[in-house]
Every structure is written in C-alpha cells, then in structure tokens.
Amino acid sequence: MIEYLTLEMIDQTTDAVRSRIQAPPRVGLILGSGLGGLASAVEDAVSISVTELPNWPVSTVPGHVGRLVAGKLEGQTALVLQGRTHFYEGYSMAHITLPVRVMQRLGVEILIVTNAAGAVNPTFEPGELMLITDHLNLVGMAGHSPLRGPNLDELGPRFPDMSRAYDRELCALARQVAKEHRLVLREGVYACLAGPSFETPADLRFLRSIGVDAVGMSTVPEVTVARHGGIRVLGISGISNKANLDGDTITTHEEVLLAGEKITPQLITLIRGVLKRL
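Predicted, not measured: the structure shown is a model, and the values here were computed from it.

Trainee: Can you help me understand the nonpolar core in this one?
Mentor: Soluble globular proteins tend to bury their nonpolar side chains together. Core analysis: the largest hydrophobic core is formed by 91 residues, its most contacted members being V17, L29, L111, L234 and L270. Examining the composition of this core, we find that 8 residues originate from one element, helix α8 (residues 253-277), more than from any other. Among residues more than four places away in sequence, those in contact with L234 are L111, I112, V113, L131, L170, C171, A174 and V274.

If you want it as structure tokens, here you go:
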C-alpha cells in the first residue's frame, strides 16, 4: 500500500493525464456512487480509463466506473472523475486523494465534489440534494488524514486553515441556481465515516446530536487536500436513503444506486447552472 505520495509520483501521474487531454482544466468534478451520469454531459470529451494511469487507485465498488473524462461543460474546461476510491477499500488516505493532487498540478481552480449520502436529518428525503456547508472529519480526527506524513511545501502549507472548507461564493451560486430551477436544495453538515458498514441507529442518533445532517464514506479527504492546495470547493450530497434513527429499515448499496438515478438529473441541472455563472 502506498502510504505517502512523493511529488515525483504525483507529477508522473499528472504528466500521463496531461498528455491525453486537449486543454488544461479550470474545473474538476468528482462524481459519487450512482452519480456518474453527469460525465455524459461533457462536450468534446476525451475518456481515459484510470487503469491506464500510473499510481492511480482503482475502485472496486459498483457504481464507480473508474474513468476520467476531459472536455467542456458550459464553456468551462473540465476534468471529471467518474467514480472514486475509498479508504475502506484498503488504500491510504494519501493514495485515494491522488486525483485531487493531479487536478491541482493541472491547474484546476474549482473542485465540485459530489456523493451519495445517507440522511441523518429526519426531515431530509431520498432523492433530494444537500449543499454541504461544512463537514465533520471523524476519520481525520482519529488520525487518518490525507495530509499525514511529510508535507510537500510545493503543494500547500503544513497547517492549512479549514474554517471555510466550502467556498461561500460557490454556495451562493448553487442557491441561486436551485431557486431558479425550483430544485429542492437542503443545506447541512456532512460527516465522513470510514465504512464500509452502514451506520447503526445509535451511530445515527449520535451524529444527529452533534449537528450532522448527512453521512457518507468519502468527500472529506478530497476536500481537505483541495483546500491544502488552494482549490475552491463546492460540495453537493445526493440524499440516497431516509434517516434510520430507530432501526426500522435496512440500508443497501443497491438502494443508494437507485436513488442516484433520481438525483443525477437534478445534479446535472445544478452543476450546469453553477458553471454558467462562473
């Protein structure tokens, strides 16, 4: 397992991507479970299987295709990661965040990160979108930070500020787009757990008591690395299942993927609208 990444490893992967794409991307997108359909909206698309890239972690999870798509979205040069890897798959935090490092080295200024998340807030319904206004990095608090190890000063500071992890101007744009298109856009705090087991009712009640609105197994490491590198971030969760605070229902990954089919059209509308306003 790759515990830490060197700058040489990051640049080796970056060079492999750069040689395949037509223009440096301004915007990076990471698509979560069942949300990969957004990649089909990319114009003049160049598709790269991540298995062709040195050092790149390969997903083992259904719903994560493992493909990079470069091209244009609403006039913006974009690099879309169709599917991600997770800590629970056995990769290190540094390894699963390599895609964000590559985006940084390619010149990405804005990262739009999406995920399928379970509702913790009992008022949230499956199929809705949630604007991530802040996060709770429970895995990182336990010592598994993607910034653990030698700091690469060329990429960012040893102690990056995380008080504004999610860019306020980008959040304001998302609200405007949602209002214009009459999309239900919830707002809240996202908690990252290690997984892969879904949460117990006691887990969910605890998370709710400390202010969490949605929970998942990704996103926060990527956001941490993006902010370390000075990239602005917009985070959107697709709510895939109802809060199970009393243990009355069973959550499955198939349910998550089915919810993605309902969420993806809304997500495309929201992201396209934001990109138009950049």
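From this point, the narrative continues.
Trainee: Sorry if this is basic, but what is going on with empty space enclosed by the protein here?
Mentor: A probe matching the size of a water molecule, rolled over the atoms, marks out where space remains unfilled. Under the counting rule described, the total for this entry stands at 3 cavities of 30 Å³ or more. Looking at the largest cavity, its volume works out to about 170 Å³. What lines the largest cavity is a set of 16 residues, among which L5, R101, P146, P150 and L152 lie closest to the centre. Its residues assigned to classes, the lining of the largest cavity shows 10 nonpolar, 3 polar and 3 charged.

Trainee: How do you make sense of helix α7 (residues 220-228) when you look at a structure like this?
Mentor: Buried residues dominate α7, accounting for 8 of its 9 residues. Turning to α7, its buried residues are V220, P221, E222, V223, T224, V225, A226 and H228. Phi turns positive one or two residues past the end of α7, at G230, with a value near 80°.

Trainee: Help me out: how do you make sense of the layout of surface pockets in this one?
Mentor: Quantified by volume, the second largest pocket comes out at close to 160 Å³. Lining of the second largest pocket is provided by 13 residues; of these, Q22, A23, G71, K72 and T77 occupy positions nearest its centre. Breaking the lining of the second largest pocket down by element, the ones donating at least two residues are β2 (43-49), β3 (67-73) and β4 (76-82). Residue composition of the lining of the second largest pocket, by class: 7 nonpolar, 3 polar and 3 charged.

Trainee: Can you help me understand unusual backbone geometry in this one?
Mentor: What you tend to see is this: most non-glycine residues have negative phi, and most peptide bonds are trans. Cis geometry marks the peptide bond from G195 to P196; its omega dihedral reads 5°. Mapped onto the fold, P196 is located in the loop between β7 (185-192) and α6 (201-209). Backbone geometry at N55 places phi at a positive 75°, although glycine is not the residue there. For N55, the location among the structural elements is in the loop between β2 and β3. Take N55: its relative accessible area is 23%, and that puts it in the partly exposed class. For E74, which is not glycine, the phi dihedral falls at a positive 50°. Position of E74 relative to the elements: it lies in the loop between β3 and β4.

Trainee: How should the pattern of salt bridges be read in this particular structure?
Mentor: Opposite charge on two side chains lets them pair, provided their charged atoms get close. Tallied over the entire structure, the rule returns 14 salt bridges. R84 is the partner of E222 in a salt bridge, and the nearest nitrogen-oxygen pair spans 2.9 Å. On the criterion of sequence distance, the pair formed by E222 in helix α7 and R84 in the loop between β4 and α2 (93-96) is long-range, its members being 138 residues apart. Just as E222 is buried, R84 falls in that class too. In this structure, D167 and R232 form a salt bridge, with 3.0 Å as the shortest nitrogen-oxygen distance. Of the two residues, D167 is situated in the loop between α4 (138-141) and α5 (168-180) and R232 in strand β9 (residues 232-241); the sequence distance between them amounts to 65 residues. For R232, a relative accessible area of 27% puts it in the partly exposed group. Each of the salt bridges in this network shares a partner with another, and the network as a whole consists of D167, E169 and R232.

Cut-offs applied
Residues numbered from 1 in each chain as written. Predicted model: local features only at pLDDT ≥ 70, side-chain atom pairs only at ≥ 80, totals over all residues. Heavy atoms only, no water. Core = buried A, V, L, I, M, F, W, Y, C linked by side-chain atoms within 4.5 Å. Buried < 20%, exposed > 50% of the residue type's maximum accessible area, 1.4 Å probe, protein only. Helix = DSSP H or I, 4+ residues; strand = E, 2+ residues; numbered from the N terminus. Contact = heavy atoms within 4.5 Å. 1 Å grid on protein atoms, 1.4 Å probe; cavity = no way out; pocket = protein on both sides within 12 Å on 5 of 7 lines; lining within 4 Å. Points joined across faces, edges and corners; volume = space filled by probe spheres on them. Nonpolar A, V, L, I, M, F, W, Y, C, P; charged D, E, K, R; others polar. Salt bridge = Lys/Arg side-chain N within 4 Å of Asp/Glu carboxyl O.

Keep in mind these values describe shape, not function.
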